[in-house]
Amino acid sequence: SLLPSLKREMRNLSEECSLEPVTVSMAYVYFEKLVLQGKLNKQNRKLCAGACVLLAAKISSDLRKHEVKHLIDKLEERFRFNRRDLIGFEFTVLVALELALYLPENQVLPHYRRLTQQS
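Conventions and cut-offs
Residues numbered from 1 in each chain as written. Predicted model: local features only at pLDDT ≥ 70, side-chain atom pairs only at ≥ 80, totals over all residues. Heavy atoms only, no water. Helix = DSSP H or I, 4+ residues; strand = E, 2+ residues; numbered from the N terminus. Buried < 20%, exposed > 50% of the residue type's maximum accessible area, 1.4 Å probe, protein only. Core = buried A, V, L, I, M, F, W, Y, C linked by side-chain atoms within 4.5 Å. Contact = heavy atoms within 4.5 Å. pLDDT = per-residue confidence, 0-100. Disulfide = S-S within 2.5 Å.

### Focus on the overall build of the protein chain
The number of helices and strands found in the protein chain is six helices and zero strands. Secondary structure elements of the protein chain occur, N-terminal to C-terminal, as α-α-α-α-α-α. Across its three principal axes, the protein chain shows a C-alpha extent of roughly 35 × 35 × 25 Å. Within the protein chain, the fraction of its 119 residues that count as buried is 42%.

### Points about the nonpolar core
Ranked by internal contacts, the top residues of the largest apolar core, which has 39 residues, are Met10, Tyr30, Leu71 and Leu75. Put simply, the parts of the chain that give this core at least two residues each are helix H1 (3-16), helix H2 (21-36), helix H3 (45-60), helix H4 (65-79), helix H5 (83-96) and helix H6 (105-118). For this core, the leading source of residues is H3, giving 10 residues. In this structure tyrosine 30 touches Cys52, Leu55, Ala56, Ile59, Leu97, Ala100, Leu101 and Leu103, once residues within four positions along its chain are discounted.

### A few points about the confidence of the model for the protein chain
Of all residues in the protein chain, 98% have pLDDT values of 70 or greater, and the mean over the chain is 88. The spread of mean pLDDT over the elements of the protein chain runs between H1, the lowest at 86, and H2, the highest at 92.

### Brief notes about the environment of leucine 34
Along the polypeptide, leucine 34 turns up in helix H2. Separated by 11 residues in the primary sequence, leucine 34 and arginine 45 have C-alpha atoms spaced 9.6 Å apart. Other than its neighbours up to four places away in sequence, leucine 34 contacts Lys39, Leu40, Cys48, Cys52, Val93, Ala96 and Leu97.

### Thoughts on the state of the cysteines
Note: disulfide means a covalent bond formed between the sulfur atoms of two cysteine side chains. Counted according to the given criterion, the structure contains zero disulfides. Cysteine 17 takes part in no disulfide bond, and the closest cysteine sulfur to it belongs to cysteine 52, at a distance of 16 Å.

Here it is in structure tokens:
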């Protein structure tokens, strides 16, 4: 369905914002967990993808305030949603993930390998 194209958008946006492949990999894992929990629907899938990228960037990168703002601007532009909705949805995703943002290596590594082999 649309999930592979959403993941492609997540990757492209992350590259534009100079995020590391490990950050994108973490965002993919968060996103897939939401899919498996049945949390995605037509109305929220772009917000879910955006919130996953934002959370992964915050947890895995040493971002400065202006870099976070730039990332939010790009997410808003790419996925065409309102930043206020994104910020609110970030908490919803955090709760759905049960605050478990630090991921075991075995969950992140397959995505990381795929991303680094594609580059």
